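Below, each chain spelled out in residue letters.
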Amino acid sequence: MHNDRRFWLWTAKPVQHGVDYSDVETLMQWGSWTTHEDTKRGDLALIYWSSPAKYLSYLVEATSNAYSIEWDGLPAWACDFKTHVRLAHALTQIGRAHV
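Below or above, wherever it landed, is the structure these notes cover. (Residues numbered from 1 in each chain as written. Predicted model: local features only at pLDDT ≥ 70, side-chain atom pairs only at ≥ 80, totals over all residues. Heavy atoms only, no water.)

**Quick look at the environment of L87**
Turning to step 1, where the next piece is worked out: By secondary structure assignment, the location of L87 is in strand β8 (residues 74–91).
Turning to step 2, where the next piece is worked out: The spacing of L87 and S57 is 30 residues in sequence and 5.3 Å in space, taken between C-alpha atoms.
Turning to step 3, where the next piece is worked out: If near-sequence neighbours (up to four positions away) are discounted, L87 is found in contact with L56, S57 and Y58. (Helix = DSSP H or I, 4+ residues; strand = E, 2+ residues; numbered from the N terminus. Contact = heavy atoms within 4.5 Å.)

Take a look at the structure:
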């Protein structure tokens, strides 16, 4: 069923486009996120907070295909999502795998 599932890394900052996103819990309740136009229903994404601290905090699933929106007067893409897992301990150290 999910053989063609893609995996994404969605980023967020506390303030972006003049909007305060510092309340993580409220932001995650919105249920939609800007994304790549190739995002499909069933794709998974990790939410990465890029500042002030850098950490991964949620695993989410796209519940819709990407759809076009207008963001700051420009065309963009978004999709709906549901939260699968809130990471109990936000991942703050991401290292390179040694091969």
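Next comes the rest of the account.
**A closer look at the environment of L44**
Turning to step 1, where the next piece is worked out: Mapped onto the secondary structure, L44 falls in strand β5 (residues 44–49).
Turning to step 2, where the next piece is worked out: The class of L44 is buried, set by a relative accessible area of 14%.
Turning to step 3, where the next piece is worked out: Between the alpha carbons of L44 and R5 there is a distance of 7.4 Å; along the sequence they are 39 residues apart.
Turning to step 4, where the next piece is worked out: In this view, L44 contacts R5, R6, F7, W8, L59, V60, E61 and H84; residues no more than four positions away in its chain are not counted. (Buried < 20%, exposed > 50% of the residue type's maximum accessible area, 1.4 Å probe, protein only.)

**Some thoughts on the nonpolar core**
Turning to step 1, where the next piece is worked out: Listed in full, the 12 residues of the largest apolar core are W8, W10, A12, W33, A45, I47, W49, Y58, V60, A62, C79 and F81.
Turning to step 2, where the next piece is worked out: Of all the secondary-structure elements, those providing two or more residues to this core are β1 (7–12), β5, β6 (55–62) and β8. (Core = buried A, V, L, I, M, F, W, Y, C linked by side-chain atoms within 4.5 Å.)

**So, the pattern of salt bridges**
Turning to step 1, where the next piece is worked out: Taken as a whole and assessed by the stated rule, the structure comprises one salt bridge.
Turning to step 2, where the next piece is worked out: A salt bridge links R6 to D38; the shortest N-O distance between them is 3.8 Å. Of this pair, R6 sits in the segment before β1 while D38 sits in the loop between β4 (32–34) and β5, placing them 32 residues apart in sequence.
Turning to step 3, where the next piece is worked out: The exposure class assigned to D38 is partly exposed, which follows from its relative accessible area of 32%. (Salt bridge = Lys/Arg side-chain N within 4 Å of Asp/Glu carboxyl O.)

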